[in-house]
Amino acid sequence: MSDSYDEFDDTTLRERIEANPRPALLWALGVLVLLALEIGRVAAGIIRVGESARFALGGIMSIPATIEESVAGTLGAGAGTIAFLLMALVLLVIAAIVVKWLFVPVSLVKRLDIDRGVGTNDVLERALITAVLGVFALLIVATPLGSAVEALIDGVTRGLEAVNSIQPITSRETIPNEGYRTGDGGWEGTFLGLSPAWAWALRVAVVYTYAIVWLVWLWKGYEIFREHYREADWTPRDDSINRLRNHYWGLFGFVVVFLFIVMALWAQPLSPVTAEANLYSPYEHEFQYYDDGSLETITHGTANVQTRSQGGDSNVGLMSYDQYDRFAPFGTNQDGKDMFTFLAYGARVSLVVGVLATGLMAGIATALALMTAYYKGLLDLVTVVVSDSVISMPRFLIVLLLSVLFMQANHPIAAIYDGGILLALIFAGTGWPGLWRAVRGPSLQVAEQEWVDAARSYGQTPAATMRKHMSPYIAGYMLVYASLTLGGVIIGVAALSFLGFGINPPTPEWGRAVDEGRPYVSTASWHIATLPGILVVLVVTGFNALGDGIRDAIDPESETSEGDAGAAATGGGG
Amino acid sequence: MSQESTRSEPAVSNDVDVDANATKDEDEDVMVQVRDLRTYYEGGGLFGGTPVKAVDGVSFDIKRGETLGLVGESGCGKTTLGRTLVQLESATGGEILFDGADATELSGAELEEWRRNAQIVFQDPDSSLNDRMTVGEIVREPLDVHDWKTPRERRQRVRELLDTVGLQREHYYRYPHQFSGGQRQRIGIARTLTLEPEFIVLDEPVSALDVSVQAEVINLLEDLQDEFGLTYLFIAHDLSVVRHICDRVAVMYLGHIMELGPTEELFTDPANPYTHSLLSAIPEPDPTVEKERITLHGTPPNPRHPPDGCPFSTRCPARIRPDQYEHLDNELWTRINTLREVLRERERADRTVTDRIREMLGKDPRFGTVGEIFDELFGDQQVPEDVETVLDQVADHVRKNDEATALEILFEAFGSVCESEPPAYYTVSDSGRQSFCHRHDEGYRAPDRVLDERHRQQ
Ligand code: SF4
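The structure displayed is predicted, hence computed values, not measured ones.

Thresholds applied
Residues numbered from 1 in each chain as written. Chains lettered and ligands numbered in written order. Predicted model: local features only at pLDDT ≥ 70, side-chain atom pairs only at ≥ 80, totals over all residues. Heavy atoms only, no water. Salt bridge = Lys/Arg side-chain N within 4 Å of Asp/Glu carboxyl O. Helix = DSSP H or I, 4+ residues; strand = E, 2+ residues; numbered from the N terminus. Buried < 20%, exposed > 50% of the residue type's maximum accessible area, 1.4 Å probe, protein only. Disulfide = S-S within 2.5 Å. Pairing = 2+ DSSP bridges. Axes fitted to C-alpha atoms, helices over the stretch in contact; angles between N-to-C directions. Contact = heavy atoms within 4.5 Å. Buried area = accessible area lost by both parts, 1.4 Å probe. Left-handed = near helix turned anticlockwise from the far one by under 90°. Nonpolar A, V, L, I, M, F, W, Y, C, P; charged D, E, K, R; others polar. Core = buried A, V, L, I, M, F, W, Y, C linked by side-chain atoms within 4.5 Å. Patch = residues over 30% accessible without salt bridge, like charges linked within 9 Å, V, L, I, M, F, W, Y side chains within 5 Å. Areas by Shrake-Rupley, 256 points an atom, 1.4 Å probe, with all protein chains shown as cover.

According to the stated counting rule, one finds 50 salt bridges over all chains in the structure shown. One salt bridge in this structure joins A:Asp238 and A:Arg226, with 3.9 Å as the shortest N-O distance. In this pair, A:Asp238 is assigned in helix α10 (residues 236-245) and A:Arg226 in helix α9 (residues 196-229), connecting sequence segments 12 residues apart. You can call A:Asp238 buried: its relative accessible area is 3%. Across the pair B:Asp147 and B:Arg154 runs a salt bridge, and its minimum N-O distance is 2.9 Å. Grouping residues by exposure puts B:Asp147 and B:Arg154 together as buried.

Right, dumping it as structure tokens:
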């Protein structure tokens, strides 16, 4: 047996890759090429993330000063300073706990050999990290190191900005579609002199091809990992993935959701005109068109007035050019704005609000489900009472009421994303009890499993037990219910906007388009309301289908009664 | 596998234990002392209610290196007792002294540290292993929790352990799904061994397995005990397995230990009436041996409301009877017993408003009318005159819904010390075997003689 010993000696993933680097390198090369094609967009993304992180950090760091001010105002300067120090300490301790949890897997106390008995070790550990963080914070604030870090960040930002200006392959500058028709019938300013329609179609094709290549490459990466680097020949997840691959209804859902997400992410290059020029500030953006032998310049705003779709003669329908030679694949809306641009950016809004609301909801529901199932007792009771009270209120009415309330009061939250964030919060606040209820059964069941007892018997902490031994069994259900909920939130936002609340103009939103297009449904401009309506139905169906697919993939038992389950799902959905 | 046993630390401690065992220094080397241990489950719901007395005052010692068996019917509290010993349930009262320190007093970090020493193997290997983790992760987790050495050494140790329990090192990256029940139980055993505990509770470790693999797992457990000097509490309802593996056996009924003593002695010459009944249920391998069959009537009482005296008094075939009824027909005696249980049940049950209304209307569907009950019980019996009188009195009171008085009359007539006072533990043999029964007292005839007389004739 000693001979086979080394053979099965353990290696880390890095060592396994070092032993056989070819497949991994090839794959990484592919990723680099894909990234390089979109380098500008990637840089822009990093800058945006960095900026928001900085903004958030700045906000947190101003807390002690704010508290100092208010305390000093009432209790005097000395108390203010103490309050400042206390608050700073509290923040440091919180940061230390997070840092320990995320980045320090080994026990410093034991490594440094300052074991003080089991009770104090945990505290000591946190204190050590707090001290390190504190010293670090002091260094940054009080010494030149701070400005050095500042300079470094500035440098990186500038570098990124430089990269940012490199044209991505999917950008509208690479394949421009806005141009004008010259007297002889040719096109000026478009890609290779193609007609705007073809140039736009080409760009759409490029965007989707790029996204699909990414998808394929990620899958390939998973396969490479599975084949060359994973030590287990088989995992329970393999079966789930195989089941999902043969689940056509689920795959349909996946395709729809994929198309939708790509539309939201690449809304800018997918639109025939930019949202900035056409939707937000149409009177500040000009374009040129050829009129009776002379080149004219006009703002989008002025042109839009002439291209309104309001039924009868005034209509710019599907796949048509308006009189200024702008191509409108989905026609224009009643204000003369480009429908496709409106819908593409609307997808982004729906996705952001939907994902944010569902993410929050799922987070709250999962945490509560784990804790109530583990601790039971009073906590469970309180959660039942709270969630029942939330559920017993008419949800849509509450959402309506709250959103109107915040918007009328001009609360700062209502200003972010034209009310999108507010809506997400409201949906999350009213929606978590439903999700919690949905996973309560499974989580109580998993809490009864003996492996949870086993974990307790060798001293595993409750938090780790919940994370390792309970949450994997809930995650599947959560994914299913979350995808169903996401569809619900999208419909909800659309419905609110349809009623004139929800997302405010000019931020595009599908429901509002349906509302605004309603008077023209029976006229030539039927497309204004119909197209977004179809899109909402399609996307929501897609999320439901994907949820069904995932459920059948993780829960093989449901496969046997697929007929019934399918019927029930459709029945429930209808 | 042999090269495994050369590992130093366990081997050393092993030697010490074997020596201690060999000298049979009985009083000296006590590892676990359980004193008057009680574990109650609070009655469900917000309003408390009567707790379930799963373990109701047990005391015993476990000696270092021995295997103590714990047998009893399901629901007698043996699993709860095992789980309390490893602090998976918290004791309501009493002490569990491990090497002199009380484990029930521990909490927080001290408890976590203590847990290294006392581990448990669960009954159902399907439920005791987390299916989403590889075998390696499962077995390694205790080491991760206690931050044992470096991750690499942890993985090494896990592989060695897999080897020790008869699996292969390569199984590290397999998932529990890929193993049979017996192999899964081996994984569970490997996990309990990771922290080198001294004491392991085996909670029916083979009862969920195929008969063909039970023996293998039992042998593995015995080998491990020898190799690492482990101390076992072996919980089981399969008496033949217990007889095979255990040094001493404790027989449990309704939260109490009825008899405790060396295995062979207890099996060949049981002292307590409950042990008699339990053993008589084992089919005798030799069919020519004439054997008394003692059939127990009814079910164990609700542990929420145990009887006042001896816990076994509601079903005991050797129960002490008043002299004048000593030779009452067994069947009739059983019926009287049943009547008493019915009355106890009626006394406890709250009558709802609807029930009261139904009663006033002369309907009493919940328990049947008093007449029906008596008909059912005594219709086909030859009831002697004196018994008849008592039963009539009882029936009168029951009709008036005064079960308390009815029970009192019943007790006056047929009751004895068995129902009124809990017995004490009597030492019944030279080996120090203990039995929990009034009949070992001077004034009464010993259980086996009574059982012979009452049950041989049938
Ligand atoms: S005390 Fe009485 S009821 Fe209990 S076992 Fe002994 S004889 Fe039976």
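Attention now moves to the state of the cysteines. Residues and elements named next belong to chain B. Following the criterion strictly, the structure yields 0 disulfides over all chains and no others. Cysteine 246 carries a free sulfur, and the closest cysteine sulfur to it, the one in cysteine 76, is 14 Å from it. Judged by its relative accessible area of 7%, cysteine 246 falls in the buried class.

All names here are of chain B. Taken in spatial order, the 8 strands line up as β6-β7-β8-β3-β9-β10-β12-β11 in an open sheet, and their pairing is mixed. Lying at the two open borders of the sheet, with one neighbouring strand each, are β6 (118-121) and β11 (425-427). Each neighbouring strand pair of the sheet contributes to a mean axis angle of 20°, computed without reference to strand direction. As defined by bridge partners, strand β9 (residues 248-253) adjoins strand β10 (residues 256-262) across 6 bridges and the pair is classed as antiparallel. Paired with valine 251 across the strands is glutamate 259, a residue of β10. Strand contacts of helix α2 (residues 78-85): β3 (67-71), β6, β7 (199-203), β8 (231-236) and β9, with the helix running at about 155° to β8, the strand carrying the most contacts.

Let us look at the sheet that holds strand β2 (residues 52-63) of chain B. For sheets, the rule is that strands pair by backbone hydrogen bonds, running either parallel or antiparallel. Residue and element names in this part refer to chain B. Spatially, the 4 strands line up as an open sheet ordered β2-β1-β4-β5, and their pairing is antiparallel. Every interior strand has two partners, whereas the edge strands, β2 and β5 (101-102), have only one. Taken together, the 9 bridges between strand β1 (residues 30-41) and β2 define a ladder with antiparallel strand orientation. In the sheet register, threonine 39 faces β2, and the bridge partner there is valine 55. This element, α2, spans β1, β2 and β4 (93-98) of the sheet and lies at about 60° to β2.

Glancing now at unusual backbone geometry. In this structure, A:Met319 takes a positive phi of about 50° despite not being glycine. Mapped onto the elements of the fold, A:Met319 is located in the loop between α14 (300-306) and β5 (320-321). Backbone geometry places B:Glu204, a non-glycine residue, at a positive phi of 45°. Looking at the element boundaries, B:Glu204 is found in the loop between β7 and α8 (211-228). Taking relative accessible area as the criterion, B:Glu204 reaches 6% and is therefore assigned buried.

Moving on, we get to the interface of chain B and chain A. On the side of chain A, 35 residues touch chain B, which itself brings 44 residues to the contact. The junction of chain B with chain A conceals about 3800 Å² of combined surface from both sides, 49% of it contributed by carbon and sulfur atoms. On the chain B side of the contact with chain A, B:Arg132, B:Glu141 and B:Tyr173 bury the most area, a combined 16% of that side's loss. Summed over the shared surface of chain B and chain A, the number is 3 salt bridges. Measuring nitrogen to oxygen at the nearest pair gives 3.6 Å for the salt bridge that ties B:Glu141 to A:Lys468.

All names here are of chain A. The interhelical angle for the contact between helix α15 (residues 339-375) and helix α21 (residues 462-498), taken along N-to-C directions, is 145°, at an axis separation of 7 Å. Viewed along their axes, α15 and α21 form a crossing whose handedness is right-handed. Of the residues that constitute the contact of α15 with α21, the class distribution is 21 nonpolar, 7 polar and no charged.

Below, the discussion takes up the nonpolar core. Counting 62 residues, the largest nonpolar core has B:Ile189, B:Leu193 and B:Phe234 as its most contacted members. The element that contributes the greatest number of residues to this core is α8(B), accounting for 6 residues. Those residues in contact with B:Phe234 that lie beyond four places of it in its chain are B:Thr67, B:Leu68, B:Gly69, B:Leu70, B:Leu202, B:Pro205, B:Ile218, B:Val241, B:Val242, B:Ile245 and B:Cys246. Among the nonpolar cores identified, the runner-up in size contains 44 residues, and A:Ala211, A:Trp266, A:Phe342 and A:Leu546 belong to it.

Residue and element names in this part refer to chain A. You can see aspartate 322 is positioned in the loop between β5 and β6 (327-328). Judged by its relative accessible area of 7%, aspartate 322 falls in the buried class. Ignoring any residue separated from it by four or fewer positions in sequence, one finds aspartate 322 in contact with Thr307 and Val316.

Residues and elements named next belong to chain A. A contiguous nonpolar surface patch, about 720 Å² in accessible area, is contributed by Leu26, Leu29, Leu32, Val33, Leu35, Leu37, Val42, Ile46 and Ile169. Counting residues per element, the ones that place at least two in the nonpolar patch are α3 (21-37) and α4 (39-75). Considering every element that reaches the nonpolar patch, the biggest residue donor is α3, with 6 residues. By the secondary structure assignment, isoleucine 169 is in the loop between α8 (144-164) and β1 (180-181). Residue isoleucine 169 is classed as partly exposed on the basis of its relative accessible area, which comes to 32%.

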